[in-house]
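So the chains spell out like this:
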Amino acid sequence: MQKKTLVLPVSQGKPDKKAMRQAAKIIRKGGLVAFPTETVYGLGANALSSSAAKKIYKAKGRPSDNPLIVHIARKEDVHILAKDVPANAKKLIDKFWPGPLTIIFKKTSKVPNSVSGGLNSVAIRMPSHKIALALIKEAGVPIAAPSANLSGKPSPTSAQHVIEDLFGKADAILYGGKARIGLESTVIDMRAKTPILLRPGSITREQISKVLKIKVIRNSGKIKVAISPGMKYKHYAPKAPLTLVEGVHARQKIQQLARAYSQKGLRVGVLATSAPAHYNSVHKVIYLGSTQPKIARNLFAALRKCDKEGIEIILAEVVKEQGIGLAIMNRLKKASANTVHTR
Ligand code: TXA
Ligand code: MG
């Protein structure tokens, strides 16, 4: 059933009081509000209400065992939701909150099962975006929010993307600017002695290790029990199959593949990362940017653009798996059907 969706413009710098009050009221009454954060847009509901949180899964078409991140506006509110805040987690909070770092804790009984996907843990983050913070404060409750896309689609980095996916499904959409970071937050499990990186993001493994002075291990998916349920789902996938092409001869290989596909009558799109590129027989070349932060910011919009342009085959250049590059490659790999290596 289609809902009436309010689209409320909010300026990046100064939250419009009236719009924020309206949106906060919707949250308090158990409704859904999409809002900008520094990473991607989120689809929010009152995190302390089971029935409100359930609406998120329905609107997104999200599997009910994939838990939500709870967003808070004051560091001390972590204690409402987390049973135990280990000393190392405290260090990360002091260093990286507000910001794009989500920490997994043991949950308190205040966190409904629908928010934690039936787990006994909870994912918490304090965003650094003014609108997100103002909304949480005004609502007076923590806000559970996954990315504001339909399940399986790339996360939304602009309000327009949210409208494409959730108009008629959310009660309100706060129409802010483009997301500054463009990739979802880093997710780290701090329940055991050794921190486990569950999802790489713009706060890097290296940065976390440096603060804690200990090794951070990566859940490479080899661990049998998927401790982050989100990892088992295919994400960020554009409609067209995406092939990652790596190695020293990547550009020649892309050119060769592009020619072959276009001779078959397919519309080919290329994502270029290392430098602006020119390819023949390609319908669209999208240059993602000259630095890793720029590539991160533009990636999801580029995947959506390929869908819009009716691209049937995407060929993508890779980036170094270092720093934010680890997160960029993680999202590219999740979006890709296969990888071609050239030597
Ligand atoms: O940047 C972000 O994190 C954005 C903005 C809106 O804050 N949110 C976001 O949420 O990306 P979502 O739901 O798309 O991704 C949350 C990820 C999923 O992979 C989920 O499985 C994992 O966090 N997660 C949530 N709670 C968890 C828990 N208790 N244990 C392990 N993983 C958890
Ligand atoms: Mg998501």
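For the structure, check the block above.
Quick summary incoming for the structure in this document.

## Here we look at the layout of surface pockets
Where empty space is left in the structure can be found by rolling a water-sized probe over the atoms. As a volume, the second largest pocket reaches approximately 230 Å³. Contributing to the lining of the second largest pocket are Met1, Lys3, Leu32, Lys54, Lys55, Lys58, Ala59, Gly168 and Lys169. Of the residues that constitute the lining of the second largest pocket, the class distribution is three nonpolar, one polar and five charged.

## Remarks on the sheet that holds strand β2 (residues 33-35)
Reading across the sheet, the 11 strands line up as β1-β8-β2-β3-β7-β4-β6-β5-β9-β10-β11 and stay open at both edges, with mixed pairing between neighbours. Each edge of the open sheet is held by one strand with a lone partner, namely β1 (6-9) and β11 (217-218). The pairing of strand β5 (residues 101-106) with strand β6 (residues 121-125) spans four bridges and is antiparallel. Across the sheet, Ile103 pairs through a bridge with Ile124, a residue of β6. Strands in contact with helix α7 (residues 159-166) are β1, β2, β3 (42-46) and β8 (172-175); relative to β8, the strand with the most contacts, it is inclined by about 165°.

## Observations regarding a positive patch on the surface
Together, Lys178, Arg180, Lys294 and Arg297 give the surface a local cluster of positive charge. One can find Arg297 in helix α10 (residues 292-308).

## Structural notes on the packing of α7 against α10
In the contact formed by α7 and α10, the axes pass within 11 Å of each other and the chain directions differ by 50°. Viewed along their axes, α7 and α10 adopt a mutual orientation that is oblique. In terms of crossing hand, the pair formed by α7 and α10 is left-handed. Of α10, the residues touching α7 (which contributes His161, Glu164 and Asp165) are Ala301, Arg304 and Lys308. Partitioned by chemical class, the residues of the contact of α7 with α10 number one nonpolar, one polar and four charged.

## Some words on empty space enclosed by the protein
Going through the model one piece at a time under the given rule, you end up with one cavity of 30 Å³ or more. In this structure, the largest cavity encloses a volume near 30 Å³. In this structure, the largest cavity is lined by Leu197, Pro200, Gly201, Ile203, Thr204, Arg205, Glu206, Gly323 and Leu326. Across the lining of the largest cavity, the residue classes break down as four nonpolar, three polar and two charged.

## A short note on the pattern of salt bridges
Across all of its chains, the model carries 13 salt bridges by this definition. Through salt bridges with shared partners, one network takes in Lys153, Glu164, Asp165, Arg304 and Lys308.

## Here we look at the packing of α10 against helix α11 (residues 325-335)
For the pair α10 and α11, the least separation of the axes is 9 Å and the interaxial angle reads 20°. Between α10 and α11, the angle is such that the two are roughly parallel. Like other packed secondary-structure pairs, α10 and α11 cross with a definite hand, here left-handed. Every residue of α11 that contacts α10 at Gln292, Ile295, Ala296, Leu299, Phe300 and Leu303 is listed here: Gly325, Ile328, Arg331, Leu332 and Ala335. Residues of the contact of α10 with α11, tallied by class, amount to eight nonpolar, two polar and one charged.

## A short note on the environment of Lys130
You can see Lys130 is positioned in helix α6 (residues 130-139). The exposed category is assigned to Lys130, whose relative accessible area is 52%. Separated by 62 residues in the primary sequence, Lys130 and Ala192 have C-alpha atoms spaced 32 Å apart.

Parameters and conventions
Residues numbered from 1 in each chain as written. Chains lettered and ligands numbered in written order. Predicted model: local features only at pLDDT ≥ 70, side-chain atom pairs only at ≥ 80, totals over all residues. Heavy atoms only, no water. 1 Å grid on protein atoms, 1.4 Å probe; cavity = no way out; pocket = protein on both sides within 12 Å on 5 of 7 lines; lining within 4 Å. Points joined across faces, edges and corners; volume = space filled by probe spheres on them. Nonpolar A, V, L, I, M, F, W, Y, C, P; charged D, E, K, R; others polar. Pairing = 2+ DSSP bridges. Helix = DSSP H or I, 4+ residues; strand = E, 2+ residues; numbered from the N terminus. Contact = heavy atoms within 4.5 Å. Axes fitted to C-alpha atoms, helices over the stretch in contact; angles between N-to-C directions. Patch = residues over 30% accessible without salt bridge, like charges linked within 9 Å, V, L, I, M, F, W, Y side chains within 5 Å. Areas by Shrake-Rupley, 256 points an atom, 1.4 Å probe, with all protein chains shown as cover. Salt bridge = Lys/Arg side-chain N within 4 Å of Asp/Glu carboxyl O. Lys, Arg positive; Asp, Glu negative; His and termini not counted. Charge placed at Lys NZ, Arg CZ, Asp CG, Glu CD. Parallel < 35°, antiparallel > 145°, perpendicular 65-115°, else oblique. Left-handed = near helix turned anticlockwise from the far one by under 90°. Buried < 20%, exposed > 50% of the residue type's maximum accessible area, 1.4 Å probe, protein only.

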